[in-house]
Amino acid sequence: MKSITFNRTELYKELWGKPMTQIAKDYKINVYQLTKVCDELEIPRPESGYWSKLRNGYKVKQKPLTEFEKEEYKLALNDDPEIDLKDQLPKTFKTIKFKKNLTGLHLLVDRTYRYLKDRDYRDNYGRLKPFGKDYLGILVSESLLERAILFYDGLIRELERQGFQITGGGTDKTVYTSVKIGDDKVYIRLEEAGSFNRTKVESSWKEYDYDYYTTGKLRLQISQHASSYRSKTISDAYDRKLEYQTEKILKTILRTAKEAKEWRINWEEKEKIEEQRQKIRQRQRRAEELEQKKRADLEQASASFTKSQYIYQYIQEVEIQIKQQELNQEQLARFIKWKNWATKHADRLNPVKQKIDAILNPVKKEESKLQFKIYDTVEINV
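Remember, it's a predicted structure, so these values are computed and weren't measured experimentally. (Residues numbered from 1 in each chain as written. Predicted model: local features only at pLDDT ≥ 70, side-chain atom pairs only at ≥ 80, totals over all residues. Heavy atoms only, no water.)

J.: Sorry, what's going on with the overall build of the chain here?
T.: If you tally the helices and strands in the chain, you get 11 helices and eight strands. Based on the C-alpha atoms only, the size of the chain along its principal axes is roughly 145 × 55 × 50 Å. By residue count, 35% of the 382 residues in the chain fall in the buried class. Contacts in the chain between residues at least 24 apart in sequence constitute 65% of all its contacts with a sequence separation of at least 6. When the accessible surface of the chain is summed, it comes to about 25700 Å², and 49% of that surface belongs to carbon and sulfur atoms. (Helix = DSSP H or I, 4+ residues; strand = E, 2+ residues; numbered from the N terminus. Buried < 20%, exposed > 50% of the residue type's maximum accessible area, 1.4 Å probe, protein only. Contact = heavy atoms within 4.5 Å. Areas by Shrake-Rupley, 256 points an atom, 1.4 Å probe, with all protein chains shown as cover.)

This is the structure:
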């Protein structure tokens with residue numbers, strides 16, 4: 001997606017040097033996009049009739065550029081195909097008729113409004129803000145609260161009429177309104193733009209004093225993420241308030257939902273690939289562990305075999321020496337008993353002997369297992 005980066009100071013000079021229509025044409029954008037940039041950077045613009053008065057020799061006053069937190073703004077140029085609301089919305093889109101008073105509000109809207117009226121928490125700009133997951137994403141001054149509530153009421157009713165699920169959510173730091181479209185969510189937040197003036201002071205612990213204030217302009221942030229990261233913003237323009245931009249708002253919500261779906265599908269594909277890689281790594285680890293065990297068993301068998309051979313040699317040497325002796329029947333019986341015991345122990349250590357016995361006598365091995373099972377069963381029954 002292409003974008004244009006605007007510098008606040010430079011754009012301010014351009015705005016007071018020639019009409020907005022000409023500036024928009026120079027940047028190959030429309031006036032509404034240029035207005036959005038001005039709103040985002042809090043740049044004062046000439047009022048209606050300014051250029052006419054200037055041409056006719058009247059004295060006109062240029063509004064000063066105040067301090068602001070952002071010096072640059074990147075305007076994303078949407079190169080996606082235009083969304084047709086007739087094709088994308090389940091029901092025919094109708095121009096939203098906003099209420100004129102606060103009676104009969106949507107349940108979620110009414111709950112948020114009562115919360116803000118009962119609790120007077122404000123941020124540095126003096127904007128009211130709810131806490132918790134059961135309220136709308138909203139951040140406005142008291143003077144703009146009624147308008148913001150009525151706007152939310154109309155927008156949410158239309159979204160629900162289209163079959164989309166609306167819920168409040170967030171944390172104490174970030175509150176948002178989620179719009180569920182199919183399997184994906186779009187997150188919106190309605191807020192009043194804020195700005196500040198900075199004054200240099202003589203102090204040992206700070207360099208500037210800041211005077212925060214609100215601008216009286218509403219803007220709707222729309223994002224595929226719960227935070228405001230990479231959000232699309234639709235703001236009050238000098239000639240068009242949010243209430244008259246509902247078609248654009250719905251298109252932006254649908255486009256964001258499409259992006260969220262593409263992101264989710266891409267993420268799921270990556271998870272599948274990673275899951276397959278994990279399975280391959282697990283199989284490789286199991287194969288390596290099995291190989292290590294086989295080697296360890298082989299080394300253990302080799303050690304046992306060596307030990308058994310030493311015992312066989314030892315038995316043989318004892319037998320050679322004993323035959324050189326004159327033994328009575330009792331002594332011979334003791335030797336034979338010891339020889340049988342030692343040979344059995346050597347046989348137990350000898351892996352070759354064990355392997356041959358397993359091959360030649362598999363029935364005996366199975367019978368031995370069966371005897372253990374029968375024994376265990378008897379024990380349990382008892």
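J.: For this particular structure, what's the right way to read the packing of aromatic side chains?
T.: The geometry of an aromatic ring pair is captured by the separation of the ring centres together with the interplanar angle, meaning the angle of the planes. Applying the stated rule across the entire model yields 16 aromatic pairs. Taking the centre distance of 5.0 Å and the plane angle of 75° together, the rings of Tyr 125 and Tyr 212 count as edge-to-face. One end of the pair, Tyr 125, is in the loop between helix 6 (107-118) and strand 3 (138-139); the other, Tyr 212, is in strand 7 (residues 208-223), with 87 residues separating them in the sequence. Tyr 212 gets classed as partly exposed once you look at its relative accessible area, which sits at 32%. Ring-pair connections join several aromatic residues into one group, and the members of that group are Tyr 125, Phe 196, Tyr 208, Tyr 210 and Tyr 212. (Phe/Tyr/Trp six-rings, centres within 6.5 Å; stacked < 30°, edge-to-face > 60°.)

J.: Which parts of the structure should I look at to understand the pattern of salt bridges?
T.: When charged atoms on two side chains of opposite charge get close, those side chains can pair. Scanning all chains against the criterion turns up 29 salt bridges. Salt-bridge contacts for Glu 274 lead to Arg 281; the nearest nitrogen and oxygen are separated by 2.7 Å. A relative accessible area of 36% places Glu 274 in the partly exposed class. For Arg 281, a relative accessible area of 32% translates into the label partly exposed. Residues participating in the shared-partner salt-bridge network are Glu 40, Lys 70, Arg 189, Glu 191 and Arg 219. (Salt bridge = Lys/Arg side-chain N within 4 Å of Asp/Glu carboxyl O.)

J.: What am I meant to see in helix 6 here?
T.: Because each turn of an α-helix spans 3.6 residues, side chains separated by three or four positions in sequence point in the same direction. Between its first and last C-alpha, helix 6 extends 16 Å over 12 residues, near the 16 Å set by a 1.5 Å rise per residue. Buried residues of helix 6: Leu 108, Val 109, Asp 110, Thr 112, Tyr 113, Tyr 115 and Leu 116, and no others. Elements that come into contact with the buried residues of helix 6 comprise strand 3, helix 7 (142-161) and strand 4 (165-170). (Expected span 1.5 Å × (residues − 1).)

J.: What should I look at first to understand the pairing of strand 7 in this one?
T.: Working note: regular strand, side chains alternate between the two faces of the sheet. One ladder, built from 13 bridges, connects strand 6 (residues 184-200) with strand 7; its direction is antiparallel. Counterpart to Glu 191 in the pairing with strand 7 is Arg 219. Bridge count between strand 7 and strand 8 (residues 232-235): four bridges; the pairing is antiparallel. Across the sheet, residue Arg 219 finds its bridge partner in strand 8, namely Ser 235. (Pairing = 2+ DSSP bridges.)

J.: Any chance you could explain the packing of helix 9 (residues 329-349) against helix 10 (residues 351-360) here in plain terms?
T.: Geometry of a packed helix pair, given as the angle between the helix axes and the separation of the axes. Direction vectors running N to C along helix 9 and helix 10 enclose 80°, while the axes themselves pass 5 Å from each other. It follows that helix 9 is roughly perpendicular to helix 10 by the angle criterion. Facing helix 9, whose interface residues are Asp 347, Arg 348 and Leu 349, helix 10 presents Pro 351, Lys 353 and Gln 354. Grouping the constituent residues of the contact of helix 9 with helix 10 by class yields two nonpolar, one polar and three charged. (Axes fitted to C-alpha atoms, helices over the stretch in contact; angles between N-to-C directions. Parallel < 35°, antiparallel > 145°, perpendicular 65-115°, else oblique. Nonpolar A, V, L, I, M, F, W, Y, C, P; charged D, E, K, R; others polar.)

J.: Hey, could you run me through the packing of helix 7 against helix 8 (residues 246-323) in this one?
T.: At their nearest, the axes of helix 7 and helix 8 sit 12 Å apart, and the two run at 55° to each other. One finds that helix 7 runs oblique with respect to helix 8. Crossing of helix 7 against helix 8: the hand is right-handed. Contact residues: Phe 151, Leu 155, Glu 158 and Leu 159 in helix 7; Ile 249, Leu 250 and Ile 253 in helix 8. Of the residues contributing to the contact of helix 7 with helix 8, the split by class is six nonpolar, no polar and one charged. (Left-handed = near helix turned anticlockwise from the far one by under 90°.)

J.: Can you help me understand unusual backbone geometry in this one?
T.: Backbone phi values are negative for most residues with the exception of glycine, while trans is the configuration of most peptide bonds. The backbone phi angle of Lys 28 is positive, close to 60°, even though this residue is not glycine. Tracing the backbone through its elements, the reader meets Lys 28 in the loop between helix 2 (20-27) and helix 3 (31-41). On the basis of relative accessible area, Lys 28 is assigned to the exposed category, the value being 76%. Not every positive phi belongs to a glycine, and Glu 42 is a case in point at roughly 55°. With respect to the secondary-structure elements, Glu 42 resides in the loop between helix 3 and helix 4 (50-55).

J.: Could you clarify how one ought to interpret the environment of Tyr 210 in this entry?
T.: Mapped onto the elements of the fold, Tyr 210 is located in strand 7. Other than its neighbours up to four places away in sequence, Tyr 210 contacts Phe 196, Asn 197 and Arg 198.

J.: What exactly am I supposed to notice about the environment of Ile 181 here?
T.: Examined against the element boundaries, Ile 181 turns out to sit in strand 5 (residues 175-181). Separated by 72 residues in sequence, Ile 181 and Ile 253 have C-alpha atoms that sit 9.4 Å apart. Here Ile 181 is in contact with Phe 164, Ile 253, Leu 254 and Ala 257, once residues within four sequence places are set aside.

J.: What's the story with the side chain of Ser 308 in this structure? I'm lost.
T.: Mapped onto the elements of the fold, Ser 308 is located in helix 8. In terms of polar contacts, Ser 308 uses its side chain to reach the backbone carbonyl oxygen of Phe 305, at 2.6 Å. Discounting residues that sit within four places of it in the chain, Ser 308 has contacts with Ala 346, Leu 349 and Asn 350. (Polar contact = N/O pair within 3.5 Å; in protein donor to acceptor, adjacent residues only side chain to side chain.)

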